[in-house]
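Structural characterization, general
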Amino acid sequence: MKKIVIINGHPNKESFNFGISQAYKESAEESGADVKEIVIADLKFNPNLQFGYQKRTELEPDLLQAWETIQWADHLVWVHPVWWGGLPAITKGFIDRLFLPGFAFQYRENSIFWDKLLRGKSARIITTLDQPGWIYRLLFGRPSVNQLKKSTLQFCGINPVKVTYIGVIKTSDEKTRTKWLDKIKSLGKKNK
């Protein structure tokens, strides 16, 4: 049985991102997967990496629980909107506070190289946009995907990392959103 964690990075529970998370969760559970969720907006933590990496801030209980869930999972599903080309601030703060040296990676002594401590896990990024995905890729270079996929998840050893773009959200109608949810259900059913 595959162990999946859905990490929802949208701060508004009435957003379409929550519908995406629910669709994925239901179909993954129907396929026999064991699914847990992390709703970042529900966590009580300071998203500011106050001392950078010079001094560690103790992790709040919610972050410790989130880390245990991430360690437990085989597959991480990240659901978030793209705002100003990037991740919502609360999602970035979650990553800053939790994907730490000694947790997610470890620099080697006297070296520029590092050990990837999250090997053996895979991920799916499902990101919503107010523009077509091809515009986000070609004109803007998909900065949020590069940050999360390459500079965070793959940096820590998570591989493969697949990406699903959902958009244009702001002009979508119910029929289009239903098609998108069907696509997400298919991914959940396949545990991808």
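Report follows, based on the coordinates.

Quick notes on the rules
- Each chain carries its own residue numbering, running from 1 in the direction its sequence is written.
- pLDDT decides what is reported in this predicted model: residues at 70 or higher carry local features, side-chain atom pairs at 80 or more are listed and counted, and totals for whole chains, interfaces and linings draw on all residues regardless.
- Processing note: side-chain calculations cover all non-hydrogen atoms of the structure and skip hydrogens and water entirely.
- Each helix is a run of H or I in the DSSP string that is no shorter than four residues. Each strand is a run of E no shorter than two, and both are numbered from the N terminus.
- For the radius of gyration, the atom set is restricted to C-alpha positions; the globular benchmark scales as 2.2 Å times the number of residues to the power 0.38.
- Using a 1.4 Å probe on the protein chains alone, a residue whose accessible area is under 20% of its type maximum counts as buried, one over 50% counts as exposed, and one in between counts as partly exposed.
- Should any heavy atoms of two residues lie within 4.5 Å, those residues are counted as being in contact.
- Only the protein chains shown count as cover for residues, and the accessible areas themselves come from Shrake-Rupley with a 1.4 Å probe.
- Only the stretch in contact is used when a helix axis is fitted, and all axes are lines through C-alpha atoms; the angle between N-to-C directions ranges over 0 to 180 degrees.
- Here the word oblique covers every angle except those under 35 degrees (roughly parallel), over 145 (roughly antiparallel) and from 65 to 115 (roughly perpendicular).
- Two helices cross in a left-handed way if the nearer one is turned anticlockwise from the farther one by less than a right angle. They cross in a right-handed way if the turn is clockwise.
- Asp, Glu, Lys and Arg are counted as charged, while Ala, Val, Leu, Ile, Met, Phe, Trp, Tyr, Cys and Pro are counted as nonpolar; the rest, among them Gly, fall into the polar class.
- We place a 1 Å grid over just the protein atoms. Points where a 1.4 Å probe fits but has no way out form a cavity, open points with protein on both sides within 12 Å along at least 5 of 7 lines form a pocket, and any residue with an atom within 4 Å of a point lines it.
- Grid points are joined across faces, edges and corners, and a volume is the space filled by probe spheres set on the points.
- Surface patches are drawn from residues lacking salt bridges whose relative accessible area is over 30%; two like charges belong together within 9 Å, two nonpolar side chains (Val, Leu, Ile, Met, Phe, Trp, Tyr) within 5 Å.
- Salt bridges are defined as contacts in which a side-chain nitrogen from Lys or Arg sits within 4 Å of a carboxyl oxygen from Asp or Glu.
- When charges are counted, Lys and Arg contribute as positive and Asp and Glu as negative, whereas His and the chain ends are disregarded.
- Note that the charge is assigned to NZ on lysines, CZ on arginines, CG on aspartates and CD on glutamates.

**Details of the overall build of the protein chain**
Secondary structure assignment for the protein chain yields six helices and seven strands. Shown N-terminal to C-terminal, the secondary structure of the protein chain runs as helices and strands in the order β-α-β-α-β-α-β-β-β-α-α-β-α. What you see for the protein chain is a C-alpha radius of gyration of 17 Å, in line with the 16 Å of a compact globule of 192 residues. Based on the C-alpha atoms only, the size of the protein chain along its principal axes is roughly 55 × 40 × 30 Å. For the protein chain, the proportion of its 192 residues judged to be buried stands at 48%. Look at the contacts in the protein chain between residues 6 or more apart in sequence, and 76% of them connect residues 24 or more apart. Surface accessibility of the protein chain: about 10300 Å² in total, with carbon and sulfur atoms responsible for 50%.

**A look at the packing of helix α1 (residues 16-30) against helix α6 (residues 174-189)**
Running from N to C, α1 and α6 point in directions that differ by 40°, and their axes come no closer than 7 Å. It follows that α1 is oblique to α6 by the angle criterion. Crossing hand, α1 versus α6: right-handed. Residues Phe16, Gly19, Ile20, Ala23, Tyr24, Ser27 and Ala28 of α1 form the contact with α6, whose own contacting residues are Arg177, Trp180, Leu181, Ile184, Lys185, Leu187, Gly188 and Lys189. Looking at side-chain class alone, the contact of α1 with α6 contains nine nonpolar, three polar and three charged residues.

**A short note on the packing of helix α2 (residues 61-72) against helix α3 (residues 89-98)**
Geometry of a packed helix pair, given as the angle between the helix axes and the separation of the axes. Look at α2 against α3: their axes get within 11 Å of each other, and the N-to-C directions meet at 80°. Considering the angle they form, α2 stands roughly perpendicular to α3. Contact residues: α2 offers Leu63, Ala66, Trp67 and Ile70, while α3 offers Phe94, Arg97 and Leu98. Of the residues assigned to the contact of α2 with α3, the class counts are six nonpolar, no polar and one charged.

**Description of the layout of surface pockets**
Of the voids in this model, the largest pocket is the one considered here, and its volume is about 250 Å³. Surrounding the largest pocket, 17 residues form its lining, Val82, Trp83, Thr128, Leu129 and Asp130 being those nearest its centre. When the residues that make up the lining of the largest pocket are grouped by side-chain class, the tally is nine nonpolar, six polar and two charged. Around the second largest pocket sit Tyr53, Lys92, Ile95, Asp96, Phe99, Phe105, Tyr107, Gln147, Ser151, Thr152, Phe155 and Cys156, which together line it. Going through the elements one at a time, α3, β4 (105-107) and α5 (143-154) are the ones with two or more residues in the lining of the second largest pocket. Residues of the lining of the second largest pocket, tallied by class, amount to seven nonpolar, three polar and two charged.

**Observations regarding a negative patch on the surface**
Residues Glu26, Glu29, Glu30 and Asp34 make up a contiguous surface patch of negative charge. The dominant element in the negative patch, judged by the number of residues it contributes, is α1, at three residues. Relative to the assigned elements, Asp34 resides in strand β2 (residues 34-39).

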